[in-house]
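# Structural description and commentary
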Amino acid sequence: MAKTIFITGTSSGIGKRTAKYFQQKGWNVIATMRNPEKETELTQLDNVTVLPLDVTNSEQIKTTVAKAVSLGKIDVVLNNAGYGTVGALEGTTEQEIEQVVNTNLVGVIKLTKEFIPHFRENKSGVFITISSIGGLVAYPFFSLYHTTKWAIEGFTESLAFELNQLGIQIKTVQPGPTKTDFTGRSLVIPEHAAYDDIFDSFKNIFFSDAVLDNLAPAETVSEVIYEAATDGKNQLRYLVGSVANGDYNKRLELGAEEFHKDLDKTFFGE
């Protein structure tokens with residue numbers, strides 16, 4: 001009997017590619033997005049059900065999870081919906097702060113909580129959340145994004161203690177820079193004139209052609225998500241790509257303080 005995965009944020013990027021990847025592997029896919037009426041690809045695929053879900057809408061989380069569970073047993077829940085924001089904190093609005101925290105963090109917590117009874121009753125299930133190498137290390141000008149991703153890592157590591165005892169796995173996947181629309185539609189860039197010079201210094205390195213031309217394909221992330229969904233291991237973290245593995249290992253090797261100083265030199269000189 002085919003297994004079923006529930007995925008948030010499938011209108012583009014990693015979410016859409018992963019929905020297609022699991023469908024090709026013979027899974028049933030429940031693909032959710034804010035505006036399913038605009039979807040033209042996933043709706044054409046066999047064994048793919050498209051449902052509406054804005055992860056910042058608490059009532060819609062409840063109704064969509066109830067609908068999904070009514071269709072049959074869910075084996076994997078992939079918390080994928082999210083977006084990036086890069087820029088000086090001083091340049092952000094209160095609305096921008098609340099929106100990124102509600103989407104990247106609070107939505108994950110609420111959706112996970114809503115699915116726990118289903119997994120608990122079945123004594124099985126896998127939660128996977130798309131985190132980031134930005135959940136394990138910190139780069140300049142990503143303070144809000146890191147807030148959400150570091151929180152996801154702590155949330156997952158703690159929750160694993162209680163869920164593993166019930167036969168439920170919970171995991172995170174940490175991609176490095178990936179060829180999605182992260183640097184386009186899904187990236188919010190608040191601006192503040194006081195930081196223009198140092199932000200330019202940062203952007204010239206972080207968003208250089210050399211970096212953007214060598215991003216890992218999103219399919220690589222989907223492959224690792226599939227591994228996390230099917231390997232049967234109570235493993236917390238799955239890093240994806242050379243940048244993620246390299247930076248994380250470098251932080252472990254140097255220690256947090258020296259790694260921070262090393263990045264400071266890289267982006268802003270001596």
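In this report, we go over the structure that sits alongside the text. (Residues numbered from 1 in each chain as written. Predicted model: local features only at pLDDT ≥ 70, side-chain atom pairs only at ≥ 80, totals over all residues. Heavy atoms only, no water.)

## Examining the packing of helix α2 (residues 58-70) against helix α3 (residues 94-122)
Using the following cut-off: Axes here mean lines fitted to C-alpha atoms, for a helix over just the part in contact, with angles spanning 0 to 180 degrees between N-to-C directions. Helix and strand definitions here come from DSSP, where helices need a minimum of 4 consecutive H or I residues and strands a minimum of 2 consecutive E residues; each element is numbered from the N-terminal end. Each crossing is labelled by how the near helix is turned from the far one, with a counterclockwise turn of less than a right angle marking it left-handed and a clockwise turn marking it right-handed. Two residues form a contact once any of their heavy atoms are found within 4.5 Å. Each residue is assigned to one of three groups, with Ala, Val, Leu, Ile, Met, Phe, Trp, Tyr, Cys and Pro labelled nonpolar, Asp, Glu, Lys and Arg labelled charged, and all others, Gly among them, labelled polar.
Closest axis-to-axis distance for the α2/α3 pair is 10 Å, and the angle between their directions is 35 degrees. Taken as a pair, α2 and α3 cross one another with a handedness that is right-handed. Between α2, through Ser 58, Ile 61, Lys 62, Val 65 and Val 69, and α3, the contact on the second element is made entirely by Gly 107, Lys 110, Leu 111, Glu 114, Phe 115 and His 118. Residues belonging to the contact of α2 with α3 are distributed by class as follows: five nonpolar, three polar and three charged.

## Concerning the packing of aromatic side chains
The condition that has to hold: Any Phe, Tyr or Trp ring, taking Trp's six-membered ring, that has another such ring centre within 6.5 Å forms a pair; planes under 30 degrees apart are called stacked, those over 60 apart edge-to-face, and the others tilted. Burial classes: relative accessible area under 20% of the type maximum marks a residue as buried, over 50% as exposed, and values in between as partly exposed (1.4 Å probe, protein chains only).
Counted under the stated rule, the structure contains 21 aromatic pairs. Each ring, one from Phe 119 and one from Phe 127, has its centre 4.7 Å from the other, and the planes form 50 degrees; the classification is tilted. Taking relative accessible area as the criterion, Phe 119 reaches 0% and is therefore assigned buried. For Phe 127, a relative accessible area of 1% gives the class buried. Grouped by ring-pair contacts, the aromatic residues Tyr 139, Phe 141, Phe 142, Tyr 145, Phe 199, Phe 202, Phe 206, Phe 207, Phe 267 and Phe 268 constitute a single cluster.

## Points about the pairing of strand β2 (residues 28-33)
As a reminder of what qualifies: Crossover handedness is defined by viewing with both strands directed away from the observer: a clockwise path from the first strand over the helix to the second marks the crossover as right-handed.
The element β2 is largely enclosed, with a buried count of five among its six residues. On the question of chirality, the crossover connecting strand β1 (residues 4-7) to the parallel β2 by way of helix α1 (residues 13-24) is right-handed.

## Looking at unusual backbone geometry
Phi at Lys 123 is positive, roughly 55 degrees, even though this residue is not glycine. By the element assignment, Lys 123 lies in the loop between α3 and β6 (126-130). Lys 123 sits in the exposed class, given a relative accessible area of 63%. The phi dihedral of Phe 141 falls on the positive side, at around 65 degrees, and the residue is not glycine. As for its placement among the helices and strands, Phe 141 is situated in the loop between β6 and α4 (143-164). Residue Phe 141 is classed as buried on the basis of its relative accessible area of 14%.

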